There are 2 protein chains.
Amino acid sequence: MSGGIRVCFANPGTTELPIVGAFETVPGIKSILCLFEGVAAGAADGYGRMTERPAMTLLHLGPGLANGLAYLHNARRARSPLLNVIGEHATWHRKADPPLAMDIESLAHTVSGWVRTNHSVKALAHDTAEGIAATLSGQVSTLIVPHDNQLAAVEDQTIRGVRSVFDPVDDRAIGRAVNCLKDRDATALIVGGRALRQHGLQAAARIRAATGCDLLTETLPGYVERGLGLPQVTRIPYFPEAAVSVLSRYEAVVLAGAKEPVTFFGYEGIRSHLLREDQEIVHLCGLRGDVVEALEHLADGLRAREEAAVVKDLIRPNLPEGCLTPEKVGLTLAALQPENAIIVDEGLTTSLGDDHLSAHLPRHAFMTIAGGAIGYGMPCASGASVACPDRPVITLQADGSALYTVQALWTQAREALNITTLICANESYRILQVEMARTGVSLLGPHSLALTELRPPRIDWVKVAQGFGVPATTVSRAEELADELHRALEEPGPHLIEMRL
Amino acid sequence: MSGGIRVCFANPGTTELPIVGAFETVPGIKSILCLFEGVAAGAADGYGRMTERPAMTLLHLGPGLANGLAYLHNARRARSPLLNVIGEHATWHRKADPPLAMDIESLAHTVSGWVRTNHSVKALAHDTAEGIAATLSGQVSTLIVPHDNQLAAVEDQTIRGVRSVFDPVDDRAIGRAVNCLKDRDATALIVGGRALRQHGLQAAARIRAATGCDLLTETLPGYVERGLGLPQVTRIPYFPEAAVSVLSRYEAVVLAGAKEPVTFFGYEGIRSHLLREDQEIVHLCGLRGDVVEALEHLADGLRAREEAAVVKDLIRPNLPEGCLTPEKVGLTLAALQPENAIIVDEGLTTSLGDDHLSAHLPRHAFMTIAGGAIGYGMPCASGASVACPDRPVITLQADGSALYTVQALWTQAREALNITTLICANESYRILQVEMARTGVSLLGPHSLALTELRPPRIDWVKVAQGFGVPATTVSRAEELADELHRALEEPGPHLIEMRL
């Protein structure tokens, strides 16, 4: 067994116990308990984003998978490799429709690029290998294993032949991109997926140096490497007016591992697709292609020099002072962010999203919510830290979203993960209040307030975190935040800082 | 609007804001915010069980529905009436496949008896009325409303004609049941669904008085009325050996609103169906029939007298002393349980399930997990208390399960609900350890322990509860539990008592 799987984020039940038993005899897999399947799924997503290799989840029947679905949806949109293993009732028991029976396959199809119910013990190792291989192009696989097949399978299950194949590079598409970037005046290269890691970004930087194109990425990329030695990549803004304003200046756009940009929600009077019909769009490679190789071919085709246009100057802002604001949170973080940090951003309305500021910081990984299912932050940080235990993880975490998967704090404490969680305690679903104001749906009457205000009662984040075993403090001034963040980063293990905004 | 809906348990997003806006102008609907959709769904389930009328949930797109699914699954198994309203992207925006897009209908079908995507503004009131009507026979309805249709629909949406029709009583089935109960020596009447409320139970008690049959119900009924003035109904045991032992003594069984009993999981060497093929089974009425009317016809057909065999003597156990055990928890609760209480049981291995003890207590409602998706307890209690604010609610809550939906405590505090939560802090998924020992899958090696032990770190339930705004204490002796339970029941609003077992 194992097939390259090193970590299993799990919350098993009775129908998964033979797999848990098998772990006792299979070397090399670490079991990590999550107190809720949403945490397990989100952690596996974070692990996959960091390593480009799948973690496994082990989830209990339909309800266990259902509880993980929202975070598997984010993993799908982030193109994370991730293998779900779900127990199913014994084949002969399923037709009795026992209480826990659900349509597991239908649930799995909503988030997975690959779904299979194992139908024979002999096929189990092969099914698992195929499931793992399917993850490697950046998708979620779900393998459903009936209880009786698990019981019989404990003996010989060596997984062989896990490999992934990208679609071949399309030379004609590269030729079209070369011509487009040469011939047109105002151009942008929109990079996504694996292109947002070092090699892809360096190729993109060569292309920019050769052509003067702008480098953009999706509003909510799953994973971006940023900082010194890499080019600055600008995220397309969230709100559609600003996004249209950025994109409208280009005659032509080359998409490299990114989808054509669309608005996050449908707003009356604004088109779904942010590019106009008179703007040329060249697809450099599909989502299943090797975008890094394609970008390197494109750079070569443009005769771009090896020296790329990357950021070389470290620029840190000064530490701000006074009452905390979203801006000061961003500045404090930028002033203190350590080398090689992993930044998990679910700050939403508190998140600055200042791509220029972060481009001049030490090299770091940056992750966003990708699929928009809130509560991804603390689980994703947990999985990222399991993947990279020596790197400091900082989670910028909106309070309303944090409450979706608050149980993640316990796994952070149990595994002594080096994670500092900054809770943006504005005590509301602020983004909804902003959207309400935008669309004029309502003037915030009593129902609107009841459904968007997170007080009363006020959540006491210090108590909640301590209750789950995570040391915590509360701050309301920028100086206090700097002190507490500095201390948290110095001490091993998880910390939580409630920021009263 | 409203259509008889009085309460909406909600966690809306941008695509549901026009509905939130509409609440401002529609009288009679109370909006209750839940910090996670699992809590909203579980609360709506509890409300439906108490009132036999649907509460509404308002959930955000696919991820919001996904987060509620496990608790909607329990609602389905409990046959709760429940109307989900889900926002969808605007009809013209959906095809752009924006980040939050999911296959909402496929998700909905896994738990709903009725699913519809609204396709025109004109049909919205009619769709809603049909969805509500479909809930009244005890099922979950899911109505998906695109954002643009919500925006257009705010004006005239009076919902008319909500009515429910049961399948007609089947006189031949009644005749077969009459003959069976008269002719056979050892018989049982297994009642379920609406038959577990006062009128059904009184008819069942008449039948028992006339025939000497035993009264049984499913292992995990959604809702049972118990106590003085009602017959004792015995739940079929959870573990299959005990269940077979109870059921094997009958020559014949009449099913009234209950399904044929099956084991909870498939265990090797034990059949799924607990009744043998040589045992006669008579189906008195289907799950969509009027089981109360059918039981009354059956009682009349048996010429049963009006006086039923019900429990008349109040018997309270003495308060136990010493270190807490699961038994002492049950005895303390039985000794102190107030009149007209609502008992939400998710105690699992701490739950006594002593049907004899509870039959001699004052009249009370009793609810169980029904579909087996853990974490139902605190949300269900919240919805039950919203439905019946003047009745004391006591939640007997396993700690591992409580952690699935711990956010429910905040809604209990916000709404000042009269709920006392007794956390059974045995700090493990004890049921899994029991199942492991039963099946001999493993000798509890390090992985098995890592995935079934809830410490380290120990959850500090007092801090967690206080963090969410609920007063809390911890006890380890039976005397302390009695004192704290007494105090909690005297004071208004929610309380949590951590029981160190």
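Residues numbered from 1 in each chain as written. Chains lettered and ligands numbered in written order. Predicted model: local features only at pLDDT ≥ 70, side-chain atom pairs only at ≥ 80, totals over all residues. Heavy atoms only, no water.

A. Representation of the relation of the copies chain B and chain A within the structure. Between chain B and chain A, which share one sequence, the superposing operator has a rotation angle of 180 degrees and an axial displacement of 0.0 Å; the RMSD is 0.0 Å. Given the turn and translation reported, the copies of this chain are related as if by a two-fold rotation axis. Comparing interface residues between copies, 100% of those in chain B also lie at the interface in chain A; the contact surface is shared. (Least-squares fit on C-alpha atoms with pLDDT ≥ 70 in both. Contact = heavy atoms within 4.5 Å.)

B. Geometry of the environment of Val344 of chain B. Residues and elements named next belong to chain B. Mapped onto the elements, Val344 comes out in strand β13 (residues 342-346). The spacing of Val344 and Met367 is 23 residues in sequence and 5.0 Å in space, taken between C-alpha atoms. Once residues lying within four places of it in the same chain are set aside, the contact partners of Val344 are Met367, Tyr376, Gly377, Cys380, Ala381, Val393, Ile394, Thr395 and Leu396. (Helix = DSSP H or I, 4+ residues; strand = E, 2+ residues; numbered from the N terminus.)

C. Inspection of the sheet that holds strand β13 (residues 342-346) of chain A at higher detail. All names here are of chain A. Within the open sheet, the seven strands sit side by side as β9-β14-β13-β15-β16-β18-β17. Their pairing is mixed. For this open sheet the edge positions go to β9 (224-226) and β17 (472-475), each flanked by a neighbour on one side alone. Mean inter-strand twist for the sheet, computed between neighbouring axes without regard to direction, equals 20 degrees. Judged from the five bridges that link them, β13 and strand β15 (residues 393-398) form a sheet pairing that is parallel. If you follow Glu346 over to β15, its bridge partner there is Gln397. Where helix α19 (residues 478-490) meets the sheet, it contacts β15, β16 (419-425), β17 and β18 (495-500), and its direction lies at approximately 170 degrees from that of β18. (Pairing = 2+ DSSP bridges. Axes fitted to C-alpha atoms, helices over the stretch in contact; angles between N-to-C directions.)

D. Highlighting the pairing of β18 of chain A. Residue and element names in this part refer to chain A. The buried fraction of β18 is high, at five of six residues. The sheet contact formed by β16 and β18 spans six bridges and is parallel. Counterpart to Cys424 in the pairing with β18 is Met499. Sheet topology places β17 next to β18; four bridges connect them, and they run parallel. Note on β18: the bridge partner recorded for Thr473 is Ile497. One crossover worth recording links β17 to the parallel β18 by way of α19, and it is right-handed. (Buried < 20%, exposed > 50% of the residue type's maximum accessible area, 1.4 Å probe, protein only. Right-handed = clockwise from strand over helix to strand, strands pointing away.)

E. Spotlight on the interface of chain B and chain A. Listed per partner, the contact involves 99 residues of chain B and 100 residues of chain A. Summed over both partners, the interface of chain B with chain A comes to about 7,900 Å²; 65% of that surface belongs to carbon and sulfur atoms. Between Asp97 of chain B and Lys259 of chain A there is a salt bridge, and its shortest N-O distance comes to 2.8 Å. Across the contact surface, chain B and chain A share 55 residue pairs in polar contact (both at pLDDT 80 or more). Looking at the side of chain B that touches chain A element by element, the count peaks at 10 residues for helix α3 (residues 61-78) of chain B. (Buried area = accessible area lost by both parts, 1.4 Å probe. Salt bridge = Lys/Arg side-chain N within 4 Å of Asp/Glu carboxyl O. Polar contact = N/O pair within 3.5 Å; in protein donor to acceptor, adjacent residues only side chain to side chain.)

F. A look at unusual backbone geometry. The linkage connecting Arg455 of chain A with the following residue, Pro456 of chain A, adopts the cis geometry, with an omega of -10 degrees. Within the fold, Pro456 of chain A resides in the loop between α17 (446-450) and α18 (461-467). In this chain, Pro456 of chain B is followed by Pro457 of chain B through a cis amide linkage whose omega measures -10 degrees. For Pro457 of chain B, the location among the structural elements is in the loop between α17 (446-450) and α18 (461-467). Positive phi values are uncommon outside glycine, yet Arg303 of chain A reaches one of about 55 degrees. Position of Arg303 of chain A among the secondary structure elements: in the loop between α10 (291-301) and α11 (326-336). Relative accessible area serves as the criterion here: at 69%, Arg303 of chain A is assigned to the exposed category.

G. Just the packing of aromatic side chains, in detail. By the definition in use, this model includes 11 aromatic pairs over all chains. A centroid spacing of 5.5 Å and a plane angle of 85 degrees characterise the contact between Phe36 of chain A and Tyr404 of chain B, whose relative ring orientation is edge-to-face. You can see Phe36 of chain A sitting in the loop between β2 (30-33) and α2 (37-51) and its partner Tyr404 of chain B sitting in the loop between α14 (399-402) and α15 (408-414), one on each of two chains. A relative accessible area of 0% places Phe36 of chain A in the buried class. What makes Tyr404 of chain B buried here is its relative accessible area of 3%. Each member of the aromatic cluster is reached from another via a ring pair, and the members are Phe36 and Tyr404 of chain A together with Phe36 and Tyr404 of chain B. Its guanidinium or amino end placed over the ring of Phe366 of chain A, Arg226 of chain A lies 3.6 Å from that ring's centre, counting from NZ or CZ. Cation over ring: Arg438 of chain A sits above Tyr267 of chain A, and NZ or CZ is 4.5 Å from the ring centre. (Phe/Tyr/Trp six-rings, centres within 6.5 Å; stacked < 30°, edge-to-face > 60°. Lys NZ or Arg CZ within 6 Å of the ring centre and 35° of its normal.)

H. Representation of the environment of Arg6 of chain B within the structure. Here Arg6 of chain B lies in the segment before β1 (7-11). Each C-alpha atom, one on Arg6 of chain B and one on Asn149 of chain B, is 23 Å from the other, the two residues being 143 residues apart in sequence.

I. Region of interest: the pattern of salt bridges. Counted according to the given criterion, the structure contains 54 salt bridges over all chains. Among the ionic pairs, Arg77 of chain B bridges to Asp97 of chain A, the shortest N-O distance being 2.8 Å. Here Arg77 of chain B, found in helix α3, pairs with Asp97 of chain A, found in the loop between β4 (82-88) and α4 (104-109), and the two come from separate chains. A salt bridge links Glu427 of chain A to Arg455 of chain A, with the nearest nitrogen and oxygen atoms 2.9 Å apart. Highlighted residues: Glu427 of chain A in the loop between β16 and α16 (430-439) and Arg455 of chain A in the loop between α17 and α18, separated in sequence by 28 residues. With relative accessibility at 40%, the residue Arg455 of chain A sits in the partly exposed group. Beyond isolated ion pairs, a larger network of salt bridges with shared partners links Glu427, Glu453, Arg455, Arg458, Glu498 and Arg500 of chain A.

J. How the structure looks around helix α13 (residues 377-387) of chain A. Counting buried positions along α13 of chain A gives 10 out of 11 residues, so the element sits mostly inside the fold. Residues of α13 of chain A that are buried include every one of Gly377, Met378, Pro379, Cys380, Ala381, Ser382, Gly383, Ala384, Ser385 and Val386 of chain A, and no others.

K. Inspection of the side chain of Ser31 of chain B at higher detail. With respect to the helices and strands, Ser31 of chain B occurs in strand β2 (residues 30-33). Within the local environment of Ser31 of chain B, its side chain forms a polar contact with the side chain of His447 of chain A, the two groups lying 2.4 Å apart. Contact partners of Ser31 of chain B, with chain neighbours within four places excluded, come to His447 and Leu451 of chain A together with Cys8 and Phe23 of chain B.

L. Molecular detail of the sheet that holds β1 of chain B. All names here are of chain B. On the basis of which strands lie adjacent, the open sheet formed by six strands has the order β2-β1-β3-β4-β6-β5 and parallel pairing. The open sheet has two edge strands, β2 and β5 (114-117), and neither has a second partner. Shown here is a sheet whose adjacent strand axes are inclined to one another by a mean of 20 degrees, direction ignored. The pairing of strand β3 (residues 55-59) with strand β4 (residues 82-88) spans five bridges and is classified as parallel.

M. Highlighting the nonpolar core. Counting residues in each nonpolar core, the largest one holds 196 residues, and the members touching the most others are Phe9 and Phe468 of chain A together with Phe9 and Phe468 of chain B. Leave out the neighbours within four places in its chain, and Phe9 of chain A touches Ile32, Cys34, Ala40, Ala43, Ala44, Tyr47, Ala55, Met56, Thr57, Leu58, Gly383 and Val386 of chain A. (Core = buried A, V, L, I, M, F, W, Y, C linked by side-chain atoms within 4.5 Å.)

N. Region of interest: helix α8 (residues 198-211) of chain B. Residue and element names in this part refer to chain B. Here α8 spans 20 Å end to end across 14 residues, near enough to the 20 Å set by a 1.5 Å rise per residue. Of the positions making up α8, those classed as buried are Gly200, Leu201, Ala203, Ala204, Ala205, Arg206 and Ile207. The inward-facing, buried residues of α8 contact α7 (171-183), β7 (187-191), β8 (214-217), β9 (224-226) and α10 (291-301). Gly212 sits one or two residues past α8 and shows a positive phi near 80 degrees. (Expected span 1.5 Å × (residues − 1).)

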